[in-house]
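Structure assessment
Next come the chains, spelled out residue by residue.
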Amino acid sequence: MSEKVYNIAVLKGDGIGPEVVEQALIALREIGAPRFSFTEHPCGAGCYLECGEPLPDATVEACRTADAVLLGAMGLPDIRWDDGTEMRPQIDLRILLDLYAGVRPIYLYNGDHSPLKGLGAGAIDFVILRENVEGLFASMNGGIELRGEVAVDSMVITRSGTERIVRYAFELAVQRARSPMRVTCVDKANVFKSMAFFRSVYDRVADEFPDVERDYAYVDALSMYLVQRPRDYDVLVAENMYGDIISDLAAGLVGGLGMAPSGDIGPDAAVFQPSHGTAPDIAGKGLANPIAMILSAALMLRWLGERHGDGEAVQGAARIEEAVQRVVSEAGAGTPDIGGTMTTGELGKAIIEVL
Ligand code: ATP
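Criteria and thresholds
Residues numbered from 1 in each chain as written. Predicted model: local features only at pLDDT ≥ 70, side-chain atom pairs only at ≥ 80, totals over all residues. Heavy atoms only, no water. Domains from an automatic or database assignment. Contact = heavy atoms within 4.5 Å. Buried area = accessible area lost by both parts, 1.4 Å probe. Salt bridge = Lys/Arg side-chain N within 4 Å of Asp/Glu carboxyl O. Helix = DSSP H or I, 4+ residues; strand = E, 2+ residues; numbered from the N terminus. Expected span 1.5 Å × (residues − 1). Buried < 20%, exposed > 50% of the residue type's maximum accessible area, 1.4 Å probe, protein only. Arc of directions from axis to C-beta. Polar contact = N/O pair within 3.5 Å; in protein donor to acceptor, adjacent residues only side chain to side chain. Phe/Tyr/Trp six-rings, centres within 6.5 Å; stacked < 30°, edge-to-face > 60°. Pairing = 2+ DSSP bridges. Axes fitted to C-alpha atoms, helices over the stretch in contact; angles between N-to-C directions. Near = heavy atom within 4 Å. Areas by Shrake-Rupley, 256 points an atom, 1.4 Å probe, with all protein chains shown as cover. Nonpolar A, V, L, I, M, F, W, Y, C, P; charged D, E, K, R; others polar. Right-handed = clockwise from strand over helix to strand, strands pointing away.

**Structural notes on the domain arrangement of the protein chain**
- Segmentation of the protein chain into domains returns domain 1 (1–100 + 256–355) and domain 2 (125–253).
- Centre-to-centre, using C-alpha coordinates, domain 1 lies 24 Å away from domain 2.
- Facing 14 residues of domain 1, the contacting portion of domain 2 comprises 14 residues.
- Buried surface at the junction of domain 1 and domain 2, both sides included, amounts to about 1,300 Å², of which 52% is carbon and sulfur.
- When the area that domain 1 buries against domain 2 is broken down by residue, the three leading residues are R88, R94 and Y100, summing to 44%.
- At the junction of domain 1 and domain 2, the tally comes to one salt bridge.

Laid out in structure tokens, this is it:
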């Protein structure tokens, strides 16, 4: 057994964050190897109320130096800045640590979870690559509001930013090795200069990967195709805002946000968190589905394993995914969002028993 111990910064955050993180930590301890040292750090709206800031510098530094970060969810609708905007420390963290690749696997674990008819487990299996640090979100703190009458946010697309996310997408397609390997460029190149530029950069990077099929879809049409023929997709790459929107649509195809894990990955750091937010409507009620968080922990294991050449970590990821598969393959097993009657703790325990 490897002696490696990974230092993991844990940011539980607000709402259902702490409830789902707790289940992921139990699962990670249960797999036995590799081993982890978990250190909790304050963040989120609750932290703002206590110490005056939602993302203290010490927390950012701890995330920078950790081997990886596990994040629950942050922000609460009633706790806002003076200008009325919500606190978004999880988005700030992406920028501060340059976590440019938003990796969102969409996988159907049980056909009953999907609103689409006639699909079995595994029939939906694709990954959305969301560019995380530019695009429309580049305007996040810099949009213009003039005389209370005009408001402008700008779409910012850079060559280097597009190249690296598109390259990540093609490399991922090669690694997934599906037949055929395919990367879909999601844009609106027929209307916007910024999107035509995004597509031209995609084309140049695609030249480096002759074995991977090129595919193009305008974001509006793609929203329909994803519902009509989700089997056609392998890896999709999109600018920040389009990636944000299609991620939620895609999560809806496989059971909702409680089934959608994600990784925010940069050259030197990575944060793993469920695609959902703090879900204040169900916080503290034992209704939160912990699977998205547990699968995010599995993504973290795979990332650590590949980065450090650690076979046990990669195996651990596969074991967690198999355990989730086994538990939810039984009809009615799960929390209410996926048609079950289990509580957060009961579902976590069922997965841990299989592990
Ligand atoms: P944010 O702005 O942070 O994304 P939000 O309230 O818009 O927050 P979510 O917190 O993701 O979005 O919640 C959207 C809906 O999905 C809510 O009705 C919530 O109860 C439900 N939901 C989100 N996560 C889960 C989960 N893990 N288990 C069950 N239901 C969930």
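Picking up where we left off.
**Details of helix α8 (residues 240–253)**
- Its 14 residues place the ends of α8 20 Å apart at the C-alpha level, agreeing with the 20 Å of an ideal helix rising 1.5 Å per residue.
- Listed as buried for α8 are N240, Y242, G243, I246, S247, A250, A251 and L253. Buried residues of α8, seen end-on, are gathered within an arc of 160 degrees and therefore sit on one face of the element.
- Against β4 (101–107), β5 (125–131), β8 (182–187), α6 (193–206), α7 (219–228) and β10 (235–238) lie the buried residues of α8.
- The residue sitting at the N-terminus of α8 and contributing the capping side-chain oxygen is E239; that oxygen lies 2.8 Å from the backbone nitrogen of M241.
- The first or second residue beyond α8 is G255, which carries a positive phi of 120 degrees.

**Some details on the packing of aromatic side chains**
- In the structure shown here, the tally under the stated rule is ten aromatic pairs.
- A ring pair is formed by Y107 and Y109, whose centres lie 4.8 Å apart and whose planes are at 70 degrees; its orientation type is edge-to-face.
- For Y107, a relative accessible area of 26% gives the class partly exposed.
- Both rings, one in F170 and one in F209, keep their centres 5.2 Å apart while their planes meet at 20 degrees; by these two values the pair is stacked. Of this pair, F170 sits in helix α5 (residues 159–176) while F209 sits in the loop between α6 and β9 (213–218), placing them 39 residues apart in sequence.
- Judged by its relative accessible area of 0%, F170 is buried.
- On the basis of relative accessibility, which here comes to 14%, the residue F209 falls in the buried class.
- Every member of this aromatic cluster is reached through a ring pair, and the members are F170, Y202, F209 and Y216.

**Examining the sheet that holds strand β1 (residues 5–13)**
- Pairing is mixed in the open sheet, where ten strands are placed in the order β2-β1-β3-β12-β11-β4-β5-β10-β8-β9. Across the chains shown, the open sheet's two edge strands, defined by having one partner strand only, are β2 (35–40) and β9. Direction aside, the axes of adjacent strands within the sheet are offset by 25 degrees on average.
- The pairing of β8 with β9 spans six bridges and is classified as parallel. Each bridged residue has a counterpart across the sheet, and for T184 the counterpart in β9 is D215.

**Focus on the site of the ligand**
- As a structural note, the neighbourhood of the ligand is formed by I16, L257, G258, H276, G277, T278, A279, D281, I282, A288, N289 and D337.
- Within the contact set of the ligand, a nitrogen atom lies 3.3 Å away from a side-chain nitrogen or oxygen of H276.
- T278 places a main-chain nitrogen or oxygen 3.3 Å from an oxygen atom of the ligand.
- The fraction of the free accessible surface of the ligand (610 Å²) that becomes covered by protein chains is 61%.
- Tallied by class, residues from the shell around the ligand come to five nonpolar, five polar and two charged.

**A closer look at the pairing of β1**
- The sheet contact formed by β1 and β2 spans six bridges and is parallel. Directly across from I8, in β2, lies its bridge partner F38.
- Taken together, β1, helix α1 (residues 17–30) and β2 form a β-α-β motif whose crossover is right-handed.
- With five bridges joining them, β1 and strand β3 (residues 68–73) adopt parallel strand pairing. Looking at the pairing, I8 lines up with A68 of β3.

**Some thoughts on unusual backbone geometry**
- Going from A33 to P34, the amide bond is cis rather than trans, its omega being 0 degrees.
- Relative to the assigned elements, P34 resides in the loop between α1 and β2.
- Residue P180 is bonded to the preceding S179 through a cis peptide linkage, with omega at 0 degrees.
- Secondary-structure assignment places P180 in the loop between α5 and β8.
- One non-glycine residue, D98, lies in the positive phi region at around 55 degrees.
- Structurally, the position occupied by D98 is in the loop between α4 (89–96) and β4.
- A positive phi angle, close to 55 degrees, is found at A177, a residue other than glycine.
- Locating A177 in the fold gives a position in the loop between α5 and β8.

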